[in-house]
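Coordinate inspection notes
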Amino acid sequence: MTAAATPVSPMLVRLAEERATGVLVRDHGALYLADGHVVHAESPAAPGLDVLLTAGGQLAPEGWQEAVASAGARREVARFLVDSGQVTGGALEICHLGALHDAAFFTLAPGSGPTRFRYGVAHWIGTVRPVPAAAVVREARRRRGLLDSVWPHPEVDTAPLRRRAPGHGATATRRQRALLELADGVRTPSAIARAVGRPAFNTLIEVRRMAAAGLVETPSEPAAPTPAPLPDWVAGFPADPDIALLRRLRDALEASL
Amino acid sequence: MAAAPADPPAQNRTGTTRNRTTTRTTTNRRKERAPAMANTETALKEATTIEGAIGAALVDYTSGMALGTIGGGKDLDLTVAAAGNTDVVRAKVRTMEHLGLKDEIEDILITLGSQYHLIRLMKSRNANGLFLYLALDKERANLAMARHQLKKIEADLEV
């Protein structure tokens, strides 16, 4: 409940108001904006769109690679997937929205370091369905509240998942059993989400439900202090980009395409 | 030698793909491609054409997130309805598992004094369960027709 009251990134609100385009980077993820709307999000804690699409068998891994290779440079990977008939528009949109809100939830986690914004950056996935920044913030807040209402112990989110000995009548659902099978005391909920190809938040909510039902252990100590931070090459962009280098790179790419 | 014949077709394939896309890019690409990308919106719009429809939502039932909503208004907050009805679906799924029923839920009907609430579970290849949620005005709705139309909308969505 305290988390719900914490303001999530005032900078995002301001950027949305000025209809900014670019990428907002925090310690646990990045939000891509176009005209003040969120068009994409990425976080090391959340499986990417490629994982979600290929895990369900909706798309062959080669199909994804081909789309990135063919349409990545002109930032139309999403369109390519639909136009080439590999994924239907509805399936892609639903999967992308799921991935966007999933990564945004981790990116907007309260107190996760400074917020930086780089104007003009667009993601190569292209436009699928832009979401108003306010809706993204609202959903992230709702999700945080939901987790706490189920089982107010955030320790379970980042600790390796451990089963508890059964014996008190609680049974796991079919979805939960798929997660329990991977609970080897080493994998964290994030790693399990990636392995089963489901959004990380959907895994967290099941983990909290299972912890509440006594199916998995709730660690007494707060475990790993933070989920994986963004790699430096994303998070640590310099204040002053090397424009000349970027121009040369662009020219070289255009010449070779 | 074995690799040589395999290479050109692959190049041709990407080559033709690119050509085709380029041709389309020059011919009014936005108008031609937009509908394919707006599928959930189209499906929800279609749901509002159902006689007596008050509002509709497409919901992810694990997270409780509404992936899209239409209609509703001040009397029916569809985002709240979406999140709350995930508990309804989960309870029923769980009960069926307890009972050992190997069947699937097609839809769930909740009848109020003045409204019908219809929940249609989607048979998706997606690993995450989704459902369509439709609120109907009881006076104006034809329940049998509404169920039939909702089924068709699900099929059109092709998730």
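What you are looking at is a predicted structure, and each value in this text was computed from that prediction instead of being measured. (Residues numbered from 1 in each chain as written. Chains lettered and ligands numbered in written order. Predicted model: local features only at pLDDT ≥ 70, side-chain atom pairs only at ≥ 80, totals over all residues.)

Each helix and strand counted, chain A has 13 helices and five strands in total. Residues classed as buried in chain A amount to 42% of the 257 residues present. Here the analysis covers contacts within chain A between residues at least 6 apart in sequence; of these, 75% occur between residues at least 24 apart. (Helix = DSSP H or I, 4+ residues; strand = E, 2+ residues; numbered from the N terminus. Buried ≥ 20, exposed ≤ 12 C-beta atoms within 10 Å, placed from the backbone. Contact = placed C-beta atoms within 7 Å.)

Let's shift gears to the domain arrangement of chain A. Residues and elements named next belong to chain A. Along its sequence, chain A is organised into domain 1 (2-136) and domain 2 (151-212). Between the C-alpha centres of domain 1 and domain 2 the distance comes to 25 Å. Contacts between the two partners involve eleven residues from domain 1, matched on the other side by eight residues from domain 2. Of all elements in the fold, only α3 (49-55) and α6 (89-107) reach the threshold of two or more residues within the side of domain 1 that touches domain 2. If you tally residues by element for the side of domain 1 that touches domain 2, the top one is α6, at four residues. Across the side of domain 1 that touches domain 2, the residue classes tally to eight nonpolar, two polar and one charged. (Domains from an automatic or database assignment. Nonpolar A, V, L, I, M, F, W, Y, C, P; charged D, E, K, R; others polar.)

Residue and element names in this part refer to chain B. Direction of pairing for strand β1 (residues 53-60) relative to strand β2 (residues 65-71): antiparallel, over a ladder of six bridges. Residue pairing across strands places Leu-58 opposite Gly-68, the latter belonging to β2. Taken together, β1 and the strand that follows it, β2, pair antiparallel across an intervening segment of four residues, in which Gly-64 is found at a positive phi of about 80°. (Pairing = 2+ DSSP bridges.)

Pairing is antiparallel in the open sheet, where five strands are placed in the order β4-β1-β2-β3-β5 (chain A). Looking along the sheet, the strands with just one partner apiece sit at the ends: β4 (116-119) and β5 (131-132) of chain A.

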